[in-house]
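Here is how the chains run, residue by residue.
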Amino acid sequence: MGAGNGREGTVRAALQGKGQLGGKLAGLSLPRQIIAIALWPLLEQVLSFICASTSLYLATHMGTEGAVTEKIASGIGVTGYILWLGFLMQGAVGMGATAIVSRMTGARKFKDANYAANQAAVLGLIAGILSAVLMFFTADFLVTTVLNLSDYAQEVAIRYMHLGCWVAVFSGIIFAVNAALRGAGDTRTPFLIMLAVDGFNIIFSLILVKYFGLFIEGLALGMILGMALAAAILIGILIKRSASMRRKMAGQELDAFVATQEPNYVPPIHLRLRQLVPDLRSMYRILAIGLPQAVEIGGIWLIQIVVLRTISQLGDAYVGAHNIAIRIESLSFLPGFAIGMAGATLVGQYLGTGSVRLALETVRKCVRYSVAFMGAMGVFFFFFPHLFVEFFASNSESLVNATVPVVQVFLIIEPFYAAMLMIKMCLRGAGDTRRVMYVSYGCMGFFRLVCLLIWSTFWPETLTLVGIWVLFTVDMAVEYLILNRMLCGLKWARRKV
């Protein structure tokens, strides 16, 4: 077996054969396990970035005048925050599904893992419907009352959201099932599904905007069609897997069937009609883990809305610059998020095998890898900001000038963001979502609410977009220090799911 080297090798030797994972992860060293799981999520994130960037590019090139481009960039940018609100419940389902399925897979309780995945799919659909309704009825209030946008920017945002909100019905199923699949160690299937989502989204958006002249509505409809077709493909894959498993099992229960297979065999997550009957106890178990994250992200959303409202007082160009900067920063987020997903899965599985030491070593390696990747991207952004900014903002010189300094700030943001992100994702994978929520609330509430409020109230003439992003950096650095102390305390390793 590839036991790895250094500290990992020492840990594995001390375990005397315990803490072994099955399936494609069997016999791999920890770095290779991280790569094996992270590869497909990385490709998935790249596709998602391309898709979102295509939509933003189409939006910012609808107007021929710089002022119009600024308003469109501002209007489309704020829709991301409204979609973020709508997807809170879906994120809760996904987090709970990942934590439970990964723990049950590591413990080789595959019947329980598959049951949790099927229940998560039903819960995802329910969350998707509720999300769509929530976004539809809150979009007008958020755009016209909460945020200080120009009239045209408001119109763009509302037109997009009144149609685009219904994508949540399909995304609820996809996000829940993909999260369960990743928890079981299958990251390739979610990649293929998101490839379909993003590919169809790009194709339909281009056709509807460029050839049918639907503009804002075309972007929203393209997103819905892409997600709907991908959901149909995902359901088809699960049905096919179910038929294959029924033939192989020949009437046996899943765990009994697995006992007759080779030691490292891991059955694929598949659809079982009996397991789709809503089970309140199982759903509660999923939500008990996921809801603290939803509450955390909901609080973060409120904080970000306050921040966005403050930025909107600077003008449409700065709101557009803020949103473009976030889109560019997400490029550095691609490897970090993929490594974090691998870390969350491996932490859950290693805890399922009873190996706390390997779970801890997983977090440490993921932190080092993500800091290296995202730190390098920060250096690249600092020296070549125009390469990224002008792709989105070439129609507006003021938009370019407002965005470039923010992108250069990424040089100091990225290492802290990477370390904080990794520990958060891995602790959530262990099911310790409640304490992560407290840290997020405490730090973001102090720096992004209290400090920003004091700044904008008493020294409004000194308020700048770059200064606000520097404040974000201080917040991330403090969060990392607290989370790292929590990690070393190992209380997360005793969390029952």
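Here the structure is a predicted model, which is why all the values come from computation and not from measurement.

So, how was this worked out
Residues numbered from 1 in each chain as written. Predicted model: local features only at pLDDT ≥ 70, side-chain atom pairs only at ≥ 80, totals over all residues. Heavy atoms only, no water. 1 Å grid on protein atoms, 1.4 Å probe; cavity = no way out; pocket = protein on both sides within 12 Å on 5 of 7 lines; lining within 4 Å. Points joined across faces, edges and corners; volume = space filled by probe spheres on them. Salt bridge = Lys/Arg side-chain N within 4 Å of Asp/Glu carboxyl O. Helix = DSSP H or I, 4+ residues; strand = E, 2+ residues; numbered from the N terminus. Buried < 20%, exposed > 50% of the residue type's maximum accessible area, 1.4 Å probe, protein only. Bend = angle between axes of the 7 residues up to and from the residue. Polar contact = N/O pair within 3.5 Å; in protein donor to acceptor, adjacent residues only side chain to side chain. Axes fitted to C-alpha atoms, helices over the stretch in contact; angles between N-to-C directions. Parallel < 35°, antiparallel > 145°, perpendicular 65-115°, else oblique. Left-handed = near helix turned anticlockwise from the far one by under 90°. Nonpolar A, V, L, I, M, F, W, Y, C, P; charged D, E, K, R; others polar.

Caption draft 1: Highlighting empty space enclosed by the protein. Tallied over the full model, the rule gives three cavities of 30 Å³ or more. Quantified by volume, the second largest cavity comes out at close to 60 Å³. Every residue lining the second largest cavity is listed: Thr105, Phe110, Ala113, Asn114, Ala184, Leu254, Val266, Pro267, Pro268 and Ile269.

Caption draft 2: Layout of the pattern of salt bridges. One pass over the structure, following the stated rule, counts eight salt bridges. Across the salt bridge formed by Arg448 and Asp475, the nearest N and O atoms sit 2.8 Å from each other. On the criterion of sequence distance, the pair formed by Arg448 in helix H16 (residues 433-458) and Asp475 in helix H17 (residues 465-489) is long-range, its members being 27 residues apart. Owing to a relative accessible area of 0%, Asp475 belongs among the buried residues under this scheme.

Caption draft 3: Fine view of helix H11 (residues 280-312). Approximately 40 degrees is the largest bend angle found in H11, and it occurs at Gly290, with the proline Pro292 only one to four residues beyond. A side-chain oxygen of the first residue of H11 lies 3.1 Å from the backbone nitrogen of Arg281; this N-cap is Asp279.

Caption draft 4: View of the packing of helix H12 (residues 316-353) against helix H15 (residues 397-429). Where H12 meets H15, the closest approach of the two axes is 8 Å, and the angle between their N-to-C directions is 20 degrees. In terms of axis orientation, H12 runs roughly parallel to H15. The handedness of the crossing between H12 and H15 comes out as right-handed. Across the contact of H12 with H15, the residue classes break down as 23 nonpolar, nine polar and two charged.

Caption draft 5: Looking closely at the layout of surface pockets. In this structure, the largest pocket occupies an estimated 390 Å³ of space. Contributing to the lining of the largest pocket are 21 residues, with Gly23, Lys24, Ala184, Gly185 and Val266 lying nearest its centre. For the lining of the largest pocket, a count of residues per class yields nine nonpolar, eight polar and four charged. Looking at the second largest pocket, its volume works out to about 220 Å³. Per-element accounting of the lining of the second largest pocket gives the leading share, four residues, to helix H9 (residues 216-249). Counted by class, the lining of the second largest pocket contains four nonpolar, six polar and five charged residues.

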